Amino acid sequence: HSRLRLILGDQLNTSHSWYRQKDDNILYVIAELLQEASYVCHHVQKLCAFFAAMANFAETLRNAGHQVLYLTLDDTASFASLPELLSHLLEKHQATQFEYQLPDEYRLREQLAQFCQSAAMKAVGTTVYDTEHFYLSDEEIHRTFSRGKRHRMEAFYRKMRVRFHILMDGEEPEGGRWNYDAQNRNKLKADDLKLVPEPLLFANDVRDILARIKRHGIQTIGKESLHLIWPVNVQQASELLSYFCHNGLKHFGRFQDAMTGKLGATDMKRQFGLFHSRLSFALNSKMLSPQHVISTVIEHYHTRKPRMDLAQVEGFVRQILGWREFIRGIYWANMPEYESCNGLDATRPLPSWFWTGETRMHCLRQAITQSLDMAYAHHIQRLMITGNFCLLAGVDPDQVDNWYMGIYIDAIQWVELPNTRGMSQFADNGIVGSKAYAASGNYVKKMSDYCSDCHYRVTETTTPNACPLNALYWHFMHDNQTAFAANPRNKMVYAVWGKKSEDQRQAILERAAACLDDIEEL
Ligand code: FAD
């Protein structure tokens, strides 16, 4: 083989132009790597899902007549890093050309760029390709996003709608409005619980992979599952997309912020995804393209009788065409500084119950246990339950990132980091969001049914049994008053705080201090 092409674990895009022609001079390499499996402590299901999807992708390429080398951990464990493995393979196959697609993680992009410039590569030509996955090419995101700038998602999203002509009626947004948020975001009432569909779960046999993970002593978190529920090939990913169109989409926007603990008393599976698509792993591994997901959803909307409400569809399109592309732009414009920003100087260690779910706060217990069991939580659980707690408690964003990077099936740094450090922890001083997503127990009460089954009382703030989020919220706002008070969106909050008596404020701050002192016992 004269050419060696590397395919990373999140580059499983069968439609890439690389595969249009068969060429026996090209050897495709897909490799399970210790460096990738252990740079953070991953959820065991996440490792299984990536390795299974990579192996299936190799099989698909082979069946299409390409030359493919699939290396398991057993084959690669003796190489200290990806560059070492590549040097070995280039020599072994006497390749004169090395090609790869631009990694979506900064860490890997740097590693491969340095490798290509190294002395070992003097005699080897290199070519780098776009992954051909996102709406915006790599070059375009650099033209669209600037370092340190406070870009706003809504403006970006509207431009994307116009540019790609998605849900447009000529120059105008279909239905006459860009944004249906006001109609969306309802709570799931007891009566609505029957609307929650049974989730479509796969049962992929991953016993061999689990054995390899153990054999190589890779540290993992979360619940092991011999039969992986996540889609690991294009067919399963497409089935999940179709299932979502038929079962989740019609209520997606309405209940996108809702949370329930009532369906999972015996089995977490019934409640964990609600009306969400759970397509993030299929998207982030690139088994599905964002264009395909959006066009399938819109096609479904246009052909389905009776027609469903536009607000549901727009709410979903916004997540992928808007948020997903936006987050990626923020990442590339601000790396590498972004991964160490800590605008609120948060330094507290992450409570150890984040790794077990053992806390008496019902909302946190639900979100964490579910994450450990399923490697998944939906957006509002990530943002307003676990994320909000860390924000209010001032947890060190390195530790918060570490937890999110490990635990979720879809966690890859380009998308995890701006969501966690930026949107959720406000450590970027407002590059992603115009204001910190801080909330008291009242928000949890409004958007979920967790509080009625909680040890703590959501209606109380200063008593020993009061919901810790209430005092922690005020403590957080008080602590950051200098930074936050200038934002007009916080005006009301500080007006309410200012109206409290000195004694009330004191009692609240004391309760917050007690919660923080006793954080491990909450
Ligand atoms: P749905 O609710 O069905 O949404 C559809 C798709 O929209 C998702 O699959 C995803 O591709 C996209 N999307 C929605 N919201 C976002 C967003 N804020 N940023 C980027 N894409 C979005 N998403 C990840 O893919 N990987 C992560 O590591 C990740 N970490 C997060 C950490 C925090 C603290 C927060 C608040 C959010 C994070 N998200 C992350 C975004 C979002 O929560 C997940 O994409 C979503 O929950 C995945 O579930 P789903 O496929 O059912 O999504």
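Note that the structure is a prediction, hence the values are computed from the model and not measured. (Residues numbered from 1 in each chain as written. Predicted model: local features only at pLDDT ≥ 70, side-chain atom pairs only at ≥ 80, totals over all residues. Heavy atoms only, no water.)

S.K.: Any chance you could explain the overall build of the chain here in plain terms?
M.R.: What the chain contains, in helices and strands, is 21 helices and nine strands. In terms of C-alpha radius of gyration, the chain reaches 24 Å, essentially the compact-globule figure of 24 Å for 522 residues. Oriented by its inertia axes, the alpha-carbon framework of the chain measures out at about 75 × 55 × 45 Å. Looking at the chain residue by residue over its 522 residues, the buried ones come to 57%. When the accessible surface of the chain is totalled, it reaches about 21,700 Å², and 49% of it is carbon and sulfur. For the chain, the separation between the mean place of its 57 positive charges and that of its 60 negative charges on side chains is 6 Å. (Helix = DSSP H or I, 4+ residues; strand = E, 2+ residues; numbered from the N terminus. Rg over C-alpha atoms; globule rule 2.2 N^0.38 Å. Buried < 20%, exposed > 50% of the residue type's maximum accessible area, 1.4 Å probe, protein only. Areas by Shrake-Rupley, 256 points an atom, 1.4 Å probe, with all protein chains shown as cover. Lys, Arg positive; Asp, Glu negative; His and termini not counted. Charge placed at Lys NZ, Arg CZ, Asp CG, Glu CD.)

S.K.: How do you make sense of the packing of helix α15 (residues 397-407) against helix α16 (residues 413-424) when you look at a structure like this?
M.R.: Angle between the axes and distance between the axes: these two values describe a pair of packed helices. Two elements in contact, α15 and α16, have axes whose closest approach is 10 Å; the angle formed by their N-to-C orientations is 135 degrees. The angle between α15 and α16 falls in the class oblique. Of the two possible hands of crossing, α15 and α16 adopt the one that is right-handed. Listed contacts from α16 to P397, D398, V400, D401, Y404 and M405 of α15 are Q413, E416, L417, T420 and R421. Class assignment for the residues of the contact of α15 with α16 results in five nonpolar, two polar and four charged. (Axes fitted to C-alpha atoms, helices over the stretch in contact; angles between N-to-C directions. Parallel < 35°, antiparallel > 145°, perpendicular 65-115°, else oblique. Left-handed = near helix turned anticlockwise from the far one by under 90°. Contact = heavy atoms within 4.5 Å. Nonpolar A, V, L, I, M, F, W, Y, C, P; charged D, E, K, R; others polar.)

S.K.: How should I be thinking about the domain arrangement of the chain in this particular structure?
M.R.: Often, the extent of an interface is quoted as the loss of accessible area upon association of its parts. Domain annotation for the chain reports domain 1 (3-129), domain 2 (141-197 + 248-333) and domain 3 (352-521). A straight line from the C-alpha centre of domain 1 to that of domain 2 covers 32 Å. Each side of the interface is counted separately: domain 1 has 13 residues, and domain 2 has eight residues. Surface buried jointly by domain 1 and domain 2 totals about 900 Å² across both partners, of which 58% is contributed by carbon and sulfur atoms. The largest contributions to the domain 1 side of the interface with domain 2 come from L12, D104 and R109, which together make up 44% of the buried area. One can count three salt bridges joining domain 1 with domain 2. Salt-bridge contacts for K286 lead to D10; the nearest nitrogen and oxygen are separated by 4.0 Å. Those elements giving two or more residues to the side of domain 1 that touches domain 2 turn out to be α2 (44-63) and α5 (106-117). Looking at the side of domain 1 that touches domain 2 residue by residue, the class counts come to six nonpolar, three polar and four charged. (Domains from an automatic or database assignment. Buried area = accessible area lost by both parts, 1.4 Å probe. Salt bridge = Lys/Arg side-chain N within 4 Å of Asp/Glu carboxyl O.)

S.K.: What should I look at first to understand the environment of T126 in this one?
M.R.: For T126, the position within the fold is in strand β5 (residues 125-129). Along the primary structure T126 and E139 are separated by 13 residues, whereas in three dimensions their C-alpha atoms are 19 Å apart. Not counting chain neighbours up to four residues away, the residues in contact with T126 comprise Q97, F98, C116 and M121.

S.K.: How should I be thinking about the side chain of N13 in this particular structure?
M.R.: Structurally, the position occupied by N13 is in the loop between β1 (3-7) and β2 (26-31). A distance of 3.1 Å separates the side chain of N13 from the backbone oxygen of T131, its partner in a polar contact. Residue contacts for N13: discarding those within four places in its chain leaves Y19, F57, T131, E132, H133 and K286. (Polar contact = N/O pair within 3.5 Å; in protein donor to acceptor, adjacent residues only side chain to side chain.)

S.K.: Explanation requested: the sheet that holds strand β4 (residues 97-101) in the structure shown.
M.R.: Within a sheet, neighbouring strands are paired by backbone hydrogen bonds and run either parallel or antiparallel to one another. With respect to topology, five strands assemble into an open sheet ordered β3-β2-β1-β4-β5, the strand pairing being parallel. What marks the edges here is a single partner per strand, and that holds for β3 (67-71) and β5. Averaged over all neighbouring strand pairs, the angle between strand axes comes to 20 degrees, with direction disregarded. Pairing of β1 with β2 involves five bridges; the strand directions are parallel. Residue pairing across strands places L6 opposite V29, the latter belonging to β2. Contacting β1, β2 and β3, α2 runs over the sheet at an angle of about 160 degrees to β3. The strands that α5 touches are β1, β4 and β5; relative to β4, the one it contacts most, it runs at about 165 degrees. (Pairing = 2+ DSSP bridges.)

S.K.: It is not clear to me how the site of the ligand should be interpreted in this structure. Could you clarify?
M.R.: Close contacts around the ligand come from 29 residues, with H276, S277, R278, N284 and Y376 the closest. Note that an oxygen atom of the ligand is positioned 2.8 Å from one of the side-chain N or O atoms of N284. A distance of 2.9 Å is found between a nitrogen atom of the ligand and a side-chain nitrogen or oxygen belonging to N419. If the ligand stood free it would expose 820 Å²; the protein chains cover 99% of that surface. Secondary-structure elements contributing two or more residues to the shell around the ligand are α10 (280-284), α12 (310-334), α14 (379-393) and α16. Partitioned by chemical class, the residues of the shell around the ligand number 14 nonpolar, ten polar and five charged. Counting residues domain by domain, the shell around the ligand receives three or more from each of domain 2 (141-197 + 248-333) and domain 3 (352-521). (Near = heavy atom within 4 Å.)

S.K.: Just to check I follow, could you spell out helix α4 (residues 82-92) for this structure?
M.R.: Think of an α-helix as turning once every 3.6 residues; residues three or four places apart then point the same way. Those residues of α4 not exposed but buried are L82, P83, L85, L86, L89 and L90. Looking straight down α4, one finds that the buried residues subtend no more than 155 degrees of arc, so they occupy a single side. Within α4, the exposed residues directed more than 90 degrees away from the buried face are E91 and K92. In the segment just after α4, Q94 is the residue with positive phi, at about 50 degrees. (Arc of directions from axis to C-beta.)

S.K.: I tried to follow the pattern of salt bridges on my own but got confused; where do I start?
M.R.: The tally for this structure, following the rule as stated, stands at 31 salt bridges. Notably, a salt bridge pairs D138 with R328, separated by 3.9 Å at the nearest N-O pair. Residue D138 is found in helix α6 (residues 138-144), and its partner R328 is found in helix α12; the two are separated by 190 residues along the sequence. Classification of D138 as buried rests on a relative accessible area of 12%. One salt bridge in this structure joins D257 and R185, with 3.1 Å as the shortest N-O distance. Within this pair, whereas D257 is found in the loop between α9 (234-247) and α10, its partner R185 is found in the loop between β7 (172-173) and β8 (204-205), the two being separated by 72 residues in sequence. For D257, a relative accessible area of 8% translates into the label buried.

S.K.: Got a minute to help me understand the pairing of β2 in this structure?
M.R.: Along any regular strand the residues' side chains alternate between the sheet's two faces. Burial within β2 is extensive, with six of its six residues counted as buried. Of the two faces of β2, the one carrying I26, Y28 and I30 and the one carrying L27, V29 and A31 are both buried. Where β2 lies against β3, five bridges are found, and the strand directions are parallel. Looking at the pairing, V29 lines up with L69 of β3.

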